[in-house]
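Take a look at the letters that make up each chain.
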Amino acid sequence: MSTSDDRRLIEDYLPIEAISKEASREKSVRKGHISTLHLWWARRPLVACRAAVYGALVPASRFRPQNGPEEKRESQTRANAAKFVERLCKYPGDAQVIAEAQRHILEAHAERLTQETGKKVTVDEIVEGRAPRPKVLDMFAGGGAIPLEALRLGCEAYALDLNPVAHIIELCTLVYPQKYGKPDKNSKGSAEDGTWAGLAEEVRHWGNWVLDKVKAEIGDLYPPIPDPKAPKTRQVLGKAQLEMTGKGFQHSGQQKLAVETPAGYLTPVAYLWTRTVRCKNPACQATVPLVKQTWLCKKAGRFVALKMVAPKGKKKVLFEVVAAHSEKMLGFDPEAFSKGGNATCPFCETVADVAYVKEEGWAGRIGLEMMAAAYSRHRKKGGETRGATEGKVYISVDDIPSVLDSDDITKRIGTICGKTGLAIPSAPIANLPHDCNENSLGIRVRPYGFRTWGQMFTQRQTLCLLTFVAAVRESERVMQENEYDAERTKALVTYMGAMVDKLADFCSTECVWNYTGGRGVKNSFGRQALAMTWDFSETNPFNEAGASWVAICEDTPAAIDLLVFDGKMVSEVSRGSAMSLQWSNASFDAVVTDPPYYDNVPYADISDFFYVWLRQSVGHLHPEHFATEGTPKKGEAIADPNRHGGDSENARKAYEKMMAQAFAEAHRVLKPNGQMTVVYAHKTTLGWATLVDALRRSGFTVTEAWPLDTEMKARLRSMESAALASSIFLVARKRGNAGAGSYEKDVQPELERIVRERVETLWEMGIGGADLVIACVGAGLRAFTRFVRVDYANGEEVPAQRFLTEVETVVLQTILARLSKEVGGKQGLASVDPATRFYILWRYTYRSGGLDAGEAIIFANGTHVELDGLGGLSSGARPLLEKQKATFRLLDYTERGDNKKLGMPSDDGQPAPLIDALQRALWLMEKRPGHMADFLREAQPNLEQMRLVAQALAGPALKGGELGEVATGTELAALTKLTTNWRSVVEDAAEAAEGPLFRATRQRQ
Ligand SMILES: C[S@@+](CC[C@H](N)C(=O)[O-])C[C@H]1O[C@@H](n2cnc3c(N)ncnc32)[C@H](O)[C@@H]1O
């Protein structure tokens, strides 16, 4: 196989729409997904990773039909590939299809090995371990999605990450399930006969062991309370009463087991808290709640919220639970409390402004008040799933018959720390000096006095997490006593350490109340950041309904079950820097990786939240990864100004340098015919310039780019720029020995050829809008990046930013030509004025989405218009674009059409842009149809061209299916009406106007 016919599927075609759809669906899967093992930010969907690995290793020719007319074979090849890849990229996946994919990969690999070694290598030899499997590296592996898919597809997977938390997740995802997944009669374990019951089962067993132990220790801190609806039960069930009566306890040897909520009692789901400050007014000094909103339940037909009451003469508010059938009937606004940290004192109305709140916080004077608690009433009948309840019951703190004894909790924290050597986490938040009260990337709690990780938890949460960690450590001792194999013990305890992390995610003061339902308590990291919370919910870790250890004990084994593959799959997980890889030259068949993107996610800083617990639960088992107080920050590839004395420019440069170094390393370890795919978070092409340049300088040719939606559809839609994919898969290869190229001779003709071919074929495959532009720009980059440098005829080098513009220009021109073909017409759209061309292409690419200025400039250059300044599209009396801060947005006819001068020739007789005339005509059609004739007579637009533009804007290419409809709304409807009724709306009016130009135009038609 020569390099020329070694074109891989990912270099030719991927059914991106189908993969995106499935990836979005996968994001909403909770049960059994690897994301339920441990949180990692921006994990990529498995199906997208699967497509990337498969596409990188299988030749495009695999799907080429042997027979049939030659001219149809190309499209048939892609249709066949699409069919298979769509079947392969289903979550979780069909075993048979995956086996077939493995065979495709091994067949291609055997052929490549034969070429490499000069000796025939067969698939059987690979399967039997006599020849190597394809090696796939992810050097920024994070939560391990890419290596997992490489493993699933029968490759040797190599995962590298700098972060110890990521490393632990990767061990749990990639290594342990393959080593210890299956039951084993030769190893000690928890099966009835005392042997290893399989990893998932062992984790379930020991997770429950820990649960029982912890519940016996601290179960009294989450007491069931008498159900107000069951009048006979009056007594609060605290630890003392339970021990006295023995009610509900079971015994297993010496071990006290879980206490069940007796009939007539309610189980706590969560306790709801507000932060507080002392009133600023010296004459008042009341306690001011900082709560932002008090919704408890907001569902159709059920509206429950807390009403704040400030009793006269008192210094503390009361919270009353109010329920109503409608929002209005509540009689107050549950969202009218603190705003951005500014709160009004309910007693004297003095505002505790945010500066004061920060001051108080920094001095350690932000307090906590419990407002209410949510309970569940269990269904009476059995046979339901875990935690089946009759909905939540909300009770004001004043009606809860037991108060938290904080002295007792403090004492118990002291006792457990003294006994076990564990400690309240004291590592600094954001790795900043103790006296630094500034925000850092994504972390906004320090100005309020939250300096150490231990401060992110209430006392009870701290005691709870410490008790779980202690029980996990204790379980290790018991496993050893039971003569468990040391490595298996290490694996089990590591999972339980990860489970404590997961509990911490649901057990901090970052967890707000989900008043729309579900398990109630939201996790700490709904976003990739740590924001200040003014009110939060404290979960009951024993609550069966979720956000608890009980749920984690089910979710973790369910995820493990799906990670145990057939066959002897091998993966290597290591911790280190992508900037200096430990592997020898030319050792990998593919690198598929998803690097951090500038300052998007402060991985090291936020992962310290977990690290501080993991270090205590499993640090002794992995001492080489937990030697320091926090995660390593220095070698992290991130553009964080804090690490560069606040200098953003230096931070950016440092990040780019690191990425260039990492790509150079990838180039070194990749085989000469190896394949590299880089997942890129930036949605638009502007951000690519640096990355593409770094790839090119490291010796790569960029061959393709595939836009894939890797986030949930709901989120995508909520972004105005609905048409944009959430990540780009950039495909690259080692370049070989090409020297400098001439832009005019070598690059331009090739660029046009590639782009023309790409636009035609992808259009035929149904790809449109921004996806088409991105894919074509990616392919067009090949023309440039196959050279070390590209020079213009005058000897000047084409800079990275410039070649991106050049590619985008060619892509947009080609798309416009293709759109012209769609709408017919003799002259096509190419001859319409630049502003109108710009309008059509923007609508085609971005629908109604806004575009940041940098990207908009590239787009404008590509269409030969100016955005700002004299004659710019966003300036003048009738701008086509609106500029808001650094974002441009296209205005539609509803926003421009009522301007009488719109579409009229300028004072010197120059015709207005056609888009102006068209938008004015749309507005008149809708609002003043009787004025249409006058307008046409005065404006004298070229009706033939105007009709083409209207057709292009209303046509199926621009509607773009589901997303298109979302984006273009009203104008699209008006355009459709206008094009459908062209004769009656426009031509008849033109006829009535009797202008000579119209007669002439009509005759031409
Ligand atoms: C975008 S994430 C990868 C996410 C992953 N694809 C997933 O699905 O979970 C980027 C990763 O790069 C890691 N990282 C940052 N700097 C690094 C370096 N110098 N070497 C290796 N890994 C690094 C971060 O810890 C983070 O896990």
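Residues numbered from 1 in each chain as written. Predicted model: local features only at pLDDT ≥ 70, side-chain atom pairs only at ≥ 80, totals over all residues. Heavy atoms only, no water.

Draft legend 1. Local environment of the overall build of the protein chain. Looking only at helices and strands, the protein chain has 31 helices and 27 strands in total. In terms of overall dimensions, the protein chain is globule-like: its C-alpha atoms have a radius of gyration of 32 Å, near the 30 Å expected for 1005 residues. Taken along its principal axes, the extent of the C-alpha atoms in the protein chain is 100 × 85 × 55 Å. Here the protein chain holds 1005 residues, and the buried ones make up 58% of them. Taking as baseline every contact in the protein chain between residues at least 6 positions apart, the subset at least 24 positions apart corresponds to 72%. Summed over all atoms, the accessible surface of the protein chain reaches about 40,900 Å², with 50% contributed by carbon and sulfur. The average position of the 128 basic charges and that of the 125 acidic charges among the side chains of the protein chain differ by 3 Å. (Helix = DSSP H or I, 4+ residues; strand = E, 2+ residues; numbered from the N terminus. Rg over C-alpha atoms; globule rule 2.2 N^0.38 Å. Buried < 20%, exposed > 50% of the residue type's maximum accessible area, 1.4 Å probe, protein only. Contact = heavy atoms within 4.5 Å. Areas by Shrake-Rupley, 256 points an atom, 1.4 Å probe, with all protein chains shown as cover. Lys, Arg positive; Asp, Glu negative; His and termini not counted. Charge placed at Lys NZ, Arg CZ, Asp CG, Glu CD.)

Draft legend 2. Expanded view of the pairing of strand S8 (residues 265-278). Burial runs high along S8: 13 of the 14 residues are buried. In terms of strand pairing, strand S5 (residues 225-226) meets S8 through two bridges, oriented antiparallel. Its bridge partner lying in S8, Pro226 is registered against Tyr265. Two elements, S8 and strand S15 (residues 367-378), share nine bridges in a ladder whose sense is antiparallel. Bridge pairing in S15 links Tyr271 to Ala373. As paired strands, S8 and strand S17 (residues 535-539) are joined by five bridges and run antiparallel to one another. (Pairing = 2+ DSSP bridges.)

Draft legend 3. Here's a closer look at the environment of Phe506. With respect to the helices, strands and loops of the structure, Phe506 is situated in the loop between helix H13 (486-505) and S17. Using a relative accessible area of 6% as the deciding quantity, one classes Phe506 as buried. Sequence-wise, Phe506 and Ala830 are 324 residues apart; in three dimensions their C-alpha atoms are separated by 57 Å.

Draft legend 4. Focus on the sheet that holds strand S25 (residues 851-852). Reading across the sheet, the three strands line up as S25-S27-S26 and stay open at both edges, with antiparallel pairing between neighbours. Each edge of the open sheet carries a strand with a single partner, namely S25 and strand S26 (881-884). The sheet contact formed by S26 and strand S27 (residues 887-890) spans four bridges and is antiparallel. Looking across to S27, one finds that Gln884 is bridged to Thr887. Contacts from helix H22 (residues 834-846) reach S25, S26 and S27, with the element oriented near 105° to S27. (Axes fitted to C-alpha atoms, helices over the stretch in contact; angles between N-to-C directions.)

Draft legend 5. Layout of the site of the ligand. In the neighbourhood of the ligand, 25 residues make up the surrounding shell, with Arg44, Gly143, Asp161, Ala578 and Asp594 lying closest. In the model, an oxygen atom of the ligand is placed 2.7 Å from a nitrogen or oxygen of the Asp161 side chain. A distance of 2.9 Å is found between a nitrogen atom of the ligand and a backbone nitrogen or oxygen belonging to Ala578. Here the ligand has 600 Å² of accessible area as a free molecule, and 98% of this is covered by the chains. Taken together, the residues of the shell around the ligand break down into 13 nonpolar, seven polar and five charged. (Near = heavy atom within 4 Å. Polar contact = N/O pair within 3.5 Å; in protein donor to acceptor, adjacent residues only side chain to side chain. Nonpolar A, V, L, I, M, F, W, Y, C, P; charged D, E, K, R; others polar.)

Draft legend 6. Just the pattern of salt bridges, in detail. Under the counting rule described, the total for this entry stands at 70 salt bridges. With a shortest N-O distance of 2.4 Å, Arg652 and Glu649 are connected by a salt bridge. Highlighted residues: Arg652 and Glu649, both in helix H16 (residues 648-669), separated by three residues, approximately one helical turn. Taking relative accessible area as the criterion, Arg652 reaches 31% and is therefore assigned partly exposed. In this structure, Asp934 and Arg937 form a salt bridge, with 2.9 Å as the shortest nitrogen-oxygen distance. Placement of the pair is Asp934 and Arg937 together in helix H26 (residues 932-939), with a separation of three residues, close to one helical turn. In this structure Asp934 comes out as partly exposed when scored by relative accessible area, which is 37%. One salt-bridge network, held together by shared partners, links Arg7, Asp12, Arg64, Glu70, Arg73, Glu74, Arg78, Glu704, Glu757, Arg758 and Arg782. (Salt bridge = Lys/Arg side-chain N within 4 Å of Asp/Glu carboxyl O.)

Draft legend 7. Focus on the side chain of Asn540. Structurally, Asn540 is set in the loop between S17 and helix H14 (549-561). Judged by its relative accessible area of 2%, Asn540 is buried. Within the structure, the side chain of Asn540 is placed 2.9 Å from the backbone nitrogen of Phe542, a separation counted as a polar contact. Once you skip the residues sitting within four places of it in the chain, Asn540 turns out to touch Tyr222, Thr267, Pro268, Val269, Ala270, Ala547 and Ser548.

Draft legend 8. Fine view of the pairing of strand S2 (residues 156-161). Burial of S2 is extensive: six of the six residues sit out of reach of the surface. The side-chain alternation of S2 yields two buried faces, one formed by Glu156, Tyr158 and Leu160 and the other by Ala157, Ala159 and Asp161. Bridging between strand S1 (residues 135-138) and S2 involves four bridges; their strand directions are parallel. Bridging from a neighbouring strand, Val136 pairs with Ala157 of S2. With helix H6 (residues 145-152) bridging S1 and the parallel S2, this β-α-β connection has right-handed handedness. Pairing of S2 with strand S18 (residues 571-575), which is carried by five bridges, proceeds in the parallel orientation. Each bridged residue has a counterpart across the sheet, and for Ala159 the counterpart in S18 is Val573. (Right-handed = clockwise from strand over helix to strand, strands pointing away.)

Draft legend 9. Representation of the nonpolar core. If you look at the biggest cluster of nonpolar residues, it comprises 293 residues, and the most contacted ones within it are Tyr54 and Trp688. What Tyr54 contacts, discounting residues up to four positions off in sequence, is Leu9, Arg62, Phe63, Phe84, Val85, Leu88, Ala101, His104, Ile105 and Leu153. If you look at the next biggest cluster of nonpolar residues, it comprises 19 residues, including Val269, Ala270, Tyr394 and Cys511. (Core = buried A, V, L, I, M, F, W, Y, C linked by side-chain atoms within 4.5 Å.)

Draft legend 10. Expanded view of H6. Most of H6 sits inside the fold, with eight of its eight residues counted as buried. In the segment just after H6, Gly154 is the residue with positive phi, at about 85°.

Draft legend 11. Spatial organisation of unusual backbone geometry. Here the amide bond leading from Tyr91 into Pro92 is cis, since omega sits at -5°, within 30 degrees of zero. Relative to the elements of secondary structure, Pro92 occurs in the loop between helix H3 (70-88) and helix H4 (95-117). The backbone phi angle of Ala42 is positive, close to 60°, even though this residue is not glycine. If you trace the backbone, Ala42 turns up in the loop between helix H1 (16-27) and helix H2 (46-57). Ala42 sits in the partly exposed class, given a relative accessible area of 24%. Even without a glycine there, the phi angle at Tyr598 is positive, about 40°. Locating Tyr598 in the fold gives a position in the loop between strand S19 (588-593) and helix H15 (603-618).

Draft legend 12. The arrangement of the state of the cysteines in detail. A full pass over the atoms with the stated rule returns zero disulfides. Just so you know, Cys49 is unpaired, no disulfide at all, and the nearest cysteine sulfur is the one on Cys89, 9.9 Å from it. The thiol of Cys172 is not disulfide-bonded; the next cysteine sulfur, from Cys553, is found 14 Å away. (Disulfide = S-S within 2.5 Å.)

Draft legend 13. Region of interest: the sheet that holds S1. What the seven strands build is an open sheet, ordered S18-S2-S1-S19-S20-S22-S21; its pairing is mixed. Whereas interior strands pair on both sides, the edge strands pair on one side only; in this sheet they are S18 and strand S21 (700-708). Looking at each pair of strands side by side, their axes are set apart by 15° on average, direction ignored. Pairing of strand S20 (residues 670-680) with strand S22 (residues 727-734), which is carried by six bridges, proceeds in the antiparallel orientation. For Met676, the partnering residue across the bridge sits in S22 and is Ala732. Strands S1, S19, S20, S21 and S22 of the sheet are contacted by H2, whose axis makes an angle of about 150° with S19.

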